[in-house]
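Listed below are the residues making up each chain.
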Amino acid sequence: MRDPLERVVSLYRHHARFTNSPYFKFIKDGNLSLRDFVESCVTPETNNEMVRIFSASYRYFPLLEDRLANYRWSVTKKLPTRQINEGFRLKCALENLDKYFSHIGFVDSLSKTANFVAEWLGLGQDGLVVARENVFAGPREVLSAGDRRVIENANELDLELYSLMRQKRDV
């Protein structure tokens, strides 16, 4: 898991920087700021993406309800991605994490996850080396209060999930 604010900022910077990104042209042609990118709803990655992933349900018709809801959203709201904020999704994500995951890793402590995987594979601690690729080394501008608010509003569930998982890990 990654801090939702950092994740969304990084996502925007990545798409704005790399010409082969699927959203590079969209960002450049529209001269979109971070706030504009999040508010455009062009990708679900800017809206509670961790909760979307961890709350997935694969019952009889995988994701059919979500697909239908996404279609209704795009037709009625004229936005490409349905924004989610339903509290039940957080509950589902928490249940899935408890039921199906033995380890919750965090980007800022990737070595701990590497050690967990190495032990699980029987390689012994430090038996797995993780290469840090695509690490942005440029200057970091401070996130404005307005941008922070927009990202927080679009990622309330992710922020809560992240906080709960950090607390649980630190217990």
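Our structure is the block above this text.
This write-up is about the structure you can find in this document. Numbers given for residues are sequential positions, taken from 1 along each chain in its written order. For this predicted model, a pLDDT threshold of at least 70 governs which residues receive local features, and a threshold of 80 or more governs which side-chain atom pairs are given and counted, while totals over whole chains, interfaces and linings are taken from all residues. Hydrogens and water molecules were not included; the side-chain quantities draw on all heavy atoms of the structure.

1. Quick word on the packing of aromatic side chains
And then number 1: Working definition: rings of Phe, Tyr and Trp (its six-membered ring) pair if their centres are within 6.5 Å, and the pair is stacked with planes under 30 degrees apart, edge-to-face with planes over 60 apart, and tilted otherwise. Tallying each qualifying case throughout the model produces four aromatic pairs.
And then number 2: A ring pair is formed by Tyr12 and Phe37, whose centres lie 5.7 Å apart and whose planes are at 50°; its orientation type is tilted. Within this pair, whereas Tyr12 is found in helix α1 (residues 4–17), its partner Phe37 is found in helix α3 (residues 34–39), the two being separated by 25 residues in sequence.
And then number 3: For every residue, the accessible area obtained with a 1.4 Å probe (protein chains only) is divided by the maximum for its type, and the residue is called buried under 20%, exposed over 50%, and partly exposed between those limits. The class for Phe37 is buried, based on a relative accessible area of 0%.
And then number 4: With centroids separated by 5.4 Å and ring planes inclined at 85°, the aromatic side chains of Phe54 and Phe101 adopt a geometry described as edge-to-face. Of this pair, Phe54 sits in helix α4 (residues 49–54) while Phe101 is found in the loop between α6 (87–100) and α7 (110–120), placing the two residues 47 residues apart along the sequence.
And then number 5: Phe101 gets classed as partly exposed once you look at its relative accessible area, which sits at 39%.
And then number 6: The structure contains a cluster of three or more aromatic residues connected by ring pairs, namely Tyr12, Tyr23 and Phe37.
And then number 7: Here, over-ring charges are defined by two tests on the NZ atom of lysine or the CZ atom of arginine: distance to the ring centre within 6 Å, and angle to the ring normal within 35 degrees. The ring of Phe106 has Arg166 lying over it, and the distance from NZ or CZ to the ring centre is 4.3 Å. Helix and strand definitions here come from DSSP, where helices need a minimum of 4 consecutive H or I residues and strands a minimum of 2 consecutive E residues; each element is numbered from the N-terminal end.

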